[in-house]
Amino acid sequence: MKPNVKRSTLCVQAGWEPKNGEPRVLPIYQSTTFKYDDTEQMADLFDLKAEGYFYTRLQNPTNDAVAKKIAALEGGVGAMLTSSGQAANFYALFNICQAGDHFITSTEIYGGTYNLFGVTFKKLGIECTFIDQDASEEEIDKAFRPNTKALFGETLSNPGCRVLDIEKFARTAHRHGVPLIVDNTFPTPINCRPFEWGADIVTHSTTKYMDGHATQVGGVVVDSGNFDWDACADKFPGLTTPDDSYHGLTYTKAFGKMAYMTKLVAQLMRDLGSIPSPHNAFLLNLGLETLHLRVPRHCENALKIARFLQADPRVAWVHYADLPEDRDHALAAKYLPDGTCGVMAFGLKGDRETAIRFMDSLRLICIVTHVADARSCVLHPASHTHRQLSDEQLREAGVAPDLIRLSVGIEDADDLIDDIREALDKI
Ligand SMILES: *Cc1c(COP(=O)(O)O)cnc(C)c1O
């Protein structure tokens, strides 16, 4: 790729770079396997001595081209696609945590991630402490233990729309010799690049804005290559000591800045195998080609709607960090100066029934378990995505029982406002 091009150009052209006579458009390599002329060539691939393709669970040219585009957009050294955002967060942590280890996360995270961290990781012997992301550095310091391996947060939380103070989290993590992992799903690298603020690893649910059309479920893990694993070698034996499953190869010695990414693919993906199909990667790439056009439109529409909601007497509260009155506006102005995203949270005056009547009266804006695609939609987390959480856990995760999550699409803003006004008239 030509150096120093802008993000818009990377969206359109990074990743697949055809050679003379090759297809201009990213081809779908819908093949499990790749052919070699002799056993030696294949053996070198298995030993990680040579780069190339042999089996799609480990690497596939379509998937890799899309991963490369996302790595370029985030400013990372490498990326790996996964079959879902859930898998991305699982892999990002499991690559550096094992039974007996511990990590720390903000409570302001997606419901699925909350379960993964609090319930499923626990079954694997990996403990997680949930902290208030507004706490002081000194408070957060207290959650660290000798076996802590990472700090985790979401740039913009789903569904609370809180903004993470990335620099504060990065400083705290680094003071304890562990990386900061940031889920950057909602802003996308168009609106925020967490590596520029000190984050070490970024994850995404590509199911959301990156795809943008709700056609595939996917995820990605991106590494900045900045974290010095060898400086805290005793904490990360998986990266800094020999891997028996690769003839005693040590990732940091053999791969330097690519150590984390190589282990992620060669060891975890080999053993756990949550890859996206090349066809899904192709769809994701189509979405990425217009990401830089869609994200600003989502933000523009959302701000108009947030202002409308804020001014309506039937609305109790609105959380949208682009509003100057929002509690997180200062953080948003710092980390997301071009806008946050199309998702906001609000509550209506009244009870649970009021929220349900409002949602059932919308016509353009549909009730779906999704966010962050071209079509506007609403969700009531307390009765949908977060229904497995107790009221206490709901509050901890920043989800009020009356919270309506509105994901503003790229339709005409005035049509959406009319739809909302008509539904409010019916409550
Ligand atoms: C949706 C979402 C996930 C989970 O992603 P899936 O692709 O649904 O598995 C993780 N993090 C955030 C912030 C999300 O919005």
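All figures in this text were calculated on a predicted structure; none of them were measured in a lab. (Residues numbered from 1 in each chain as written. Predicted model: local features only at pLDDT ≥ 70, side-chain atom pairs only at ≥ 80, totals over all residues. Heavy atoms only, no water.)

1. A few points about the domain arrangement of the chain
Thinking step 1. Each assigned domain of the chain is listed with its residue range as follows: domain 1 (7-286) and domain 2 (292-425).
Thinking step 2. Averaged C-alpha coordinates put domain 1 and domain 2 at centres separated by 29 Å.
Thinking step 3. At the interface, 35 residues of domain 1 touch 39 residues of domain 2.
Thinking step 4. Buried surface at the junction of domain 1 and domain 2, both sides included, amounts to about 3200 Å², of which 60% is carbon and sulfur.
Thinking step 5. Three residues stand out in domain 1 for area buried against domain 2, namely Pro 159, Asn 191 and Tyr 209, and they jointly supply 23% of the buried area on that side.
Thinking step 6. Inspection of the domain 1/domain 2 interface yields two salt bridges.
Thinking step 7. Across the salt bridge formed by Glu 167 and Lys 334, the nearest N and O atoms sit 2.6 Å from each other. (Domains from an automatic or database assignment. Contact = heavy atoms within 4.5 Å. Buried area = accessible area lost by both parts, 1.4 Å probe. Salt bridge = Lys/Arg side-chain N within 4 Å of Asp/Glu carboxyl O.)

2. Some thoughts on the nonpolar core
Thinking step 1. Judged by nonpolar contacts, the single largest core of 128 residues is most densely connected at Tyr 260, Leu 309, Met 344, Phe 358, Leu 406 and Ile 420.
Thinking step 2. With residues near it in sequence (within four places) discarded, Met 344 still touches Cys 161, Ala 302, Ile 305, Ala 306, Leu 309, Val 318, His 319, Tyr 320, Ile 404, Arg 405, Leu 406 and Val 408. (Core = buried A, V, L, I, M, F, W, Y, C linked by side-chain atoms within 4.5 Å. Buried < 20%, exposed > 50% of the residue type's maximum accessible area, 1.4 Å probe, protein only.)

3. Observations regarding the site of the ligand
Thinking step 1. Surveying the vicinity of the ligand reveals 16 residues, the closest of which are Asn 158, Asp 183, Ser 205, Thr 207 and Lys 208.
Thinking step 2. Take Thr 207: an N or O atom from its side chain is 2.6 Å from an oxygen atom of the ligand.
Thinking step 3. The fraction of the free accessible surface of the ligand (380 Å²) that becomes covered by protein chains is 93%.
Thinking step 4. Most atoms of the ligand, that is more than half of them, are within 2 Å of grid points of the second largest pocket. (Near = heavy atom within 4 Å. Polar contact = N/O pair within 3.5 Å; in protein donor to acceptor, adjacent residues only side chain to side chain. Areas by Shrake-Rupley, 256 points an atom, 1.4 Å probe, with all protein chains shown as cover. 1 Å grid on protein atoms, 1.4 Å probe; cavity = no way out; pocket = protein on both sides within 12 Å on 5 of 7 lines; lining within 4 Å. Sits in = over half its atoms within 2 Å of the grid points.)

4. Focus: the sheet that holds strand S7 (residues 219-223)
The strands that make up a sheet are held in pairs by hydrogen bonds between backbone atoms, and each pair lies either parallel or antiparallel.
Thinking step 1. The strand order S1-S7-S6-S5-S4-S2-S3 describes an open sheet built from seven strands, whose pairing is mixed. On the outer flanks of this sheet lie strand S1 (78-82) and strand S3 (127-131), each paired with one strand and no other. When the angles between neighbouring strand axes are averaged without regard to direction, this sheet yields 20°.
Thinking step 2. Sheet analysis places strand S2 (residues 102-106) next to S3, joined by five bridges and oriented parallel. Counterpart to Ile 104 in the pairing with S3 is Thr 129.
Thinking step 3. The sheet strands contacting helix H11 (residues 259-272) are S1, strand S6 (201-205) and S7, and the helix crosses S1 at an angle near 30°. (Pairing = 2+ DSSP bridges. Helix = DSSP H or I, 4+ residues; strand = E, 2+ residues; numbered from the N terminus. Axes fitted to C-alpha atoms, helices over the stretch in contact; angles between N-to-C directions.)

5. Description of the sheet that holds strand S11 (residues 377-379)
Thinking step 1. Ordered in space as S8-S9-S12-S11-S10, the five strands form an open sheet in which the pairing is mixed. Two strands bound the open sheet, and with one partner strand each, they are strand S8 (315-319) and strand S10 (366-367).
Thinking step 2. As paired elements, S10 and S11 share two bridges and run parallel to each other. Of the residues in S11, the one forming a bridge with Ile 367 is Val 378.
Thinking step 3. Packing against the sheet, helix H13 (residues 291-311) makes contact with S8, strand S9 (343-348) and strand S12 (404-407), and its axis sits at approximately 15° to S9.
Thinking step 4. Seen against the sheet, helix H15 (residues 352-361) touches S9, S10, S11 and S12 and runs at an angle of roughly 125° to S9.

6. Overview of the packing of aromatic side chains
Thinking step 1. Using the criterion set out here, one finds 18 aromatic pairs in the structure.
Thinking step 2. Measuring from centroid to centroid gives 5.4 Å for Phe 90 and Phe 121, while their planes differ by 15°, and the two rings are stacked. Taken as a pair, Phe 90 in helix H4 (residues 85-94) and Phe 121 in helix H5 (residues 111-123) lie far apart in primary sequence, 31 residues in all.
Thinking step 3. You can call Phe 121 buried: its relative accessible area is 0%.
Thinking step 4. With 4.9 Å between their ring centres and 85° between their planes, Phe 103 and Phe 117 make a pair best called edge-to-face. With Phe 103 in strand S2 and Phe 117 in helix H5, the pair connects residues that are 14 residues apart, well separated along the chain.
Thinking step 5. Residue classification places Phe 117 among the buried residues on the basis of a relative accessible area of 1%.
Thinking step 6. Within the aromatic cluster, the residues linked to one another by ring pairs are Phe 90, Tyr 91, Phe 94, Phe 103, Phe 117, Phe 121 and Phe 152. (Phe/Tyr/Trp six-rings, centres within 6.5 Å; stacked < 30°, edge-to-face > 60°.)

7. Focus: the environment of Glu 325
Thinking step 1. As for its placement among the helices and strands, Glu 325 is situated in the loop between S8 and helix H14 (329-335).
Thinking step 2. Looking at Glu 325, the relative accessible area reads 56%, which means it is exposed.
Thinking step 3. Within the local environment of Glu 325, its side chain forms a polar contact with the side chain of Gln 310, the two groups lying 2.9 Å apart.

8. Describing the layout of surface pockets
Thinking step 1. Taken as a whole, the largest pocket holds about 1200 Å³ of empty space.
Thinking step 2. Lining the largest pocket are 46 residues, with Glu 51, Tyr 53, Gln 59, Asp 64 and Met 258 sitting closest to its centre.
Thinking step 3. Broken down by element, the residue count for the lining of the largest pocket peaks at eight residues, all from helix H3 (residues 61-74).
Thinking step 4. For the lining of the largest pocket, the residue count by class is 29 nonpolar, nine polar and eight charged.
Thinking step 5. Here the second largest pocket is characterised by a volume of approximately 320 Å³.
Thinking step 6. Considering the residues around the second largest pocket, the lining is formed by 21 residues, among which Tyr 110, Asn 158, Ser 205, Thr 207 and Lys 208 are closest to the centre.
Thinking step 7. By residue number, the principal contributor to the lining of the second largest pocket is H4, which donates three residues. (Points joined across faces, edges and corners; volume = space filled by probe spheres on them. Nonpolar A, V, L, I, M, F, W, Y, C, P; charged D, E, K, R; others polar.)

9. Considering helix H12 (residues 278-288)
Thinking step 1. Inspection of H12 places Pro 278, Ala 281, Phe 282, Leu 284, Asn 285, Gly 287 and Leu 288 among the buried residues, and these make up the whole buried set.
Thinking step 2. Turning to H12, the residues buried within the fold contact helix H1 (7-13), H3, S1 and H13.

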